[in-house]
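# A look at the structure
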Amino acid sequence: NWTLNSVEVQTNGEINTTNNGYAANNGLGPGASAGTPSGSGGGAYGGNGAAGTVGAGGTAYGSVTNPTNLGSGGGGGANAGGGAIILNVNTLNLSGTLAANGADSAANDYAGGGAGGSINITANTISGSSGSITANGGYSKWRGGGGGGGRIAINCTTDSYTGGLSSLAISAKGGMNGGTWGEDG
């Protein structure tokens, strides 16, 4: 949680809390661990986690308008949820990346993906170009469920972003496994 006058994230720069949320099998909406060789569920936060071949996905929680929670971990494995980026600034110049994504499972792993975390921005002015903000759920590489998407909130008084804030790449998608997606945040 940062309260600053100005933050600048330059092209190719990032503030990244991916895989820094709740650990696997933990959180307010963890995926159910089913054990090997069964598929565990995906973690939840903004969206529900997808069910694995056996384990249930986690249930969504937290505020839609003021997100501050961490993403929950996927069931089984070591797939943590996304962390939280909370910025209270006068000016945000964003040409790089803000990321709070859930972890993907390892190849041939039965674990569920971690849920995306929180990105919450309150700014007087947002400027920049070609930036991205992501709080996506993690993918499961085998029989586990995808993690649910996180939550993103942007409260801005003056939009000075090149092309407007609507041109900023923003995503809180659920992760996937074999066609079973976690819900978007």
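Located above this text is the structure these notes cover.
Quick look at the structure, then. (Residues numbered from 1 in each chain as written. Predicted model: local features only at pLDDT ≥ 70, side-chain atom pairs only at ≥ 80, totals over all residues. Heavy atoms only, no water.)

## Some details on the overall build of the protein chain
The helix and strand inventory of the protein chain stands at zero helices and ten strands. Listed by position from the N terminus, the elements making up the protein chain come as β-β-β-β-β-β-β-β-β-β. Relative to the globule expectation of 16 Å for 185 residues, the C-alpha radius of gyration of the protein chain, 16 Å, shows essentially globular dimensions. Residue burial in the protein chain is summarised as follows: out of 185 residues, 51% are buried. Considering only residue pairs separated by 6 or more positions, the protein chain has 73% of its internal contacts joining residues 24 or more positions apart. (Helix = DSSP H or I, 4+ residues; strand = E, 2+ residues; numbered from the N terminus. Rg over C-alpha atoms; globule rule 2.2 N^0.38 Å. Buried < 20%, exposed > 50% of the residue type's maximum accessible area, 1.4 Å probe, protein only. Contact = heavy atoms within 4.5 Å.)

## Concerning the pattern of salt bridges
By the definition in use, this model includes one salt bridge. Among the salt bridges present, the one from Lys173 reaches Asp184, with a minimum N-O distance of 4.0 Å. Of the two residues, Lys173 is situated in the loop between β8 (169-171) and β9 (176-177) and Asp184 in the segment after β10 (180-181); the sequence distance between them amounts to eleven residues. The partly exposed category is assigned to Lys173, whose relative accessible area is 46%. For Asp184, a relative accessible area of 44% corresponds to the partly exposed category. (Salt bridge = Lys/Arg side-chain N within 4 Å of Asp/Glu carboxyl O.)

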